[in-house]
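# Breakdown of the fold
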Amino acid sequence: CETSEQTNIGFDERFLDSRLGVHADFYIKTTKDWLVEAPILDTAGARPPVINGGDVKNTGFELVLNWNDRIGKLNYSIGVNGAYNKNEVGKIPTNDGIIHGLTNMLYANSEEFYRAQNGYAIGYFWGYKTAGIFQNQADIDAWKAAGNGILQGENVKPGDVKFVDQQKDGIIDVNDKVDLGNGMPDFTYGFNISLDYKGFDFSVYANGAAGNKIVQSYGSQAGKYANYTTAFLNRWTGEGTSNRMPRVTDTNINWQFSDLYLQDGDYLRISNITLGYDFSKLIKWKYISQCRLYASVQNAFTFTKYDGMDPEIGYGTDGWVYGVDLGYYPRPRTFLFGVNLKF
């Protein structure tokens, strides 16, 4: 069975005639013998068994600050919150101390690209580092002369990816794959502002995250019938045209899992903006104590460098890997209009 143990040290108090509220919490949470589906071949023909996968330790700190006050007839409230979390896996009961991720996720016959491993964050991305694109034959020759391995072998051409030879042994293989980051944010944060003045009310709520990576793959890069996004319009087509997006070929060697799939997942989302007015402040009704009309926008704005549809990516297929974007439908921007009546 799966069990959890948690230690909390907290502080919760109000100051300055209750105008300032402070909540702080330090925690250590350990999930022991976490339940996970064992990786099996697709040809097994049945669901994989559920096994105990080891321990997962989360250590973090949360802080919430709230300020409530009045200026004349203006009532206002401002709140900010932030949280830091560090995640680490240990005591995985396998020979190599690893629970392997699924295959065939990014494209047909794609290899494992995430895993849980002793001493690492759960669901970390495992792949090759890259050092740009070969621009010409002289670039290729210089790379070889420096003793670096080439994944494409003798078939390498200008426009192909430079995969980093971490072992410096002249060979690119699984031993050169490294931790490329993970999809769990180091920091999450948010803020809210509420105003109330002579029957008018206005509020803004926002949330965000920082320190996480997103794996983006909207289709197959395998073979001549591959499915590409418009990002490939900026691919390498000649010397100096791109140092990140490789040439398009009828093989997928350039698209072995690497940091080319990864983008920073940092974002700030204005999740809700609401403006309302209580007409009972203006017109007195005998049986109505409140007649509030309001307009609201949900998912109003998102500020991010991520070029996908939505940076707020949750769990993947396995249930223990964050930040894998296979083309999930984005959160819609929603406009709401309504009325609140109190009798």
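In this report, the structure presented in the accompanying data block is examined. (Residues numbered from 1 in each chain as written. Predicted model: local features only at pLDDT ≥ 70, side-chain atom pairs only at ≥ 80, totals over all residues. Heavy atoms only, no water.)

### Remarks on the overall build of the protein
Selection criterion: Only DSSP runs of H or I reaching four residues or more are called helices, and only runs of E reaching two or more are called strands; each is numbered from the N terminus. For this measure, only C-alpha atoms enter the radius of gyration; the expected value for a globule follows 2.2 Å times N^0.38, where N is the number of residues. Any two residues having at least one pair of non-hydrogen atoms within 4.5 Å are treated as being in contact. Under the convention used here, a 1.4 Å probe and the Shrake-Rupley method define accessible areas, while residue burial counts only the protein chains that appear. Neither His nor the chain ends is counted toward charge; the positive residues are Lys and Arg and the negative residues Asp and Glu. Lys charges are placed at NZ, Arg charges at CZ, Asp charges at CG and Glu charges at CD.
Helix and strand counts for the protein stand at one helix and 20 strands. Its C-alpha atoms give the protein a radius of gyration of 26 Å, more than 25% over the compact-globule value 20 Å for 343 residues. Based on the C-alpha atoms only, the size of the protein along its principal axes is roughly 85 × 50 × 45 Å. Considering only intrachain contacts with a sequence separation of at least 6, the fraction spanning at least 24 residues in the protein is 63%. Of the roughly 19,300 Å² of accessible surface on the protein, 55% is carried by carbon and sulfur atoms. One way to put it: in the protein the 32 positive side-chain charges average out to a point 10 Å from where the 39 negative ones average out.

### A few points about the sheet that holds strand β9 (residues 124-127)
Heads up, the condition is: When DSSP finds at least two bridges between two strands, those strands are taken to pair.
With antiparallel pairing, four strands are arranged side by side in an open sheet as β7-β8-β9-β12. Of all the strands in the sheet, the pair left with one neighbour each is β7 (98-100) and β12 (178-179).

### Thoughts on the pattern of salt bridges
This is how it is decided: Just to be clear on terms, a salt bridge is a Lys or Arg side-chain nitrogen sitting within 4 Å of an Asp or Glu carboxyl oxygen. Note on classification: 1.4 Å probe, protein chains only; a residue is buried when its accessible area is under 20% of the maximum for its type, exposed when over 50%, partly exposed between these limits.
On inspection of all chains with the given rule, the structure shows 12 salt bridges. One salt bridge in this structure joins Asp201 and Arg292, with 2.9 Å as the shortest N-O distance. Here the residue Asp201 occupies a position in strand β14 (residues 200-210), and Arg292 occupies one in strand β18 (residues 290-304), the gap between them amounting to 91 residues. For the pair Asp201 and Arg292, one class covers both residues: buried. A salt bridge links Arg331 to Glu312; its shortest N-O distance comes to 3.8 Å. Separated by 19 residues along the polypeptide, Arg331 in the loop between β19 (324-325) and β20 (334-342) and Glu312 in the loop between β18 and β19 bring together distant segments of the chain. Taking relative accessible area as the criterion, Arg331 reaches 39% and is therefore assigned partly exposed. Classification of Glu312 as partly exposed rests on a relative accessible area of 25%. Overlapping salt bridges, with partners in common, bring together Arg269, Asp310, Glu312 and Arg331 in one network.

### Focus on the pairing of β18
Sheet analysis places strand β17 (residues 267-278) next to β18, joined by 11 bridges and oriented antiparallel. When the sheet's bridge partners are listed, Arg269 is paired in β18 with Thr302. Pairing of β18 with β20 involves nine bridges; the strand directions are antiparallel. Considered in β20, the bridge of Gln290 is made with Lys342.

### Considering the sheet that holds strand β15 (residues 213-216)
Within the open sheet, the three strands sit side by side as β16-β15-β19. Their pairing is mixed. Each end of this open sheet is capped by a strand with a single partner; those strands are β16 (262-264) and β19.

### A short note on the environment of Asp12
Topologically, Asp12 is positioned in strand β1 (residues 3-15). Taking relative accessible area as the criterion, Asp12 reaches 61% and is therefore assigned exposed. Expressed as a C-alpha distance, the spacing of Asp12 and Val22, which sit 10 residues apart in the sequence, is 5.8 Å. Setting aside residues up to four positions removed in sequence, Asp12 forms contacts with Val22 and His23.

### Quick word on a nonpolar patch on the surface
To keep things clear, this is the line we draw: Each patch is built from residues lacking any salt bridge and having more than 30% relative accessible area; the joining distance is 9 Å for like charges and 5 Å for nonpolar side chains (Val, Leu, Ile, Met, Phe, Trp, Tyr).
Together, Ile9, Phe26, Phe61, Leu63, Leu65, Ile78 and Val80 make up an exposed nonpolar region whose accessible area comes to about 560 Å². For the nonpolar patch, the elements supplying multiple residues, two or more each, are β5 (55-71) and β6 (74-90). Broken down by element, the residue count for the nonpolar patch peaks at three residues, all from β5. Residue placement: Phe61 occurs in strand β5. We classify Phe61 as partly exposed; its relative accessible area is 38%.

### Here's the deal with the nonpolar core
Rules: Put simply, buried Ala, Val, Leu, Ile, Met, Phe, Trp, Tyr and Cys residues joined by side-chain atoms within 4.5 Å make one nonpolar core.
Within the largest apolar cluster, 32 residues are counted, with the highest numbers of intra-cluster contacts made by Phe113, Ile122, Phe125, Val215 and Phe257. Secondary-structure elements contributing two or more residues to this core are β8 (114-117) and β11 (161-163).

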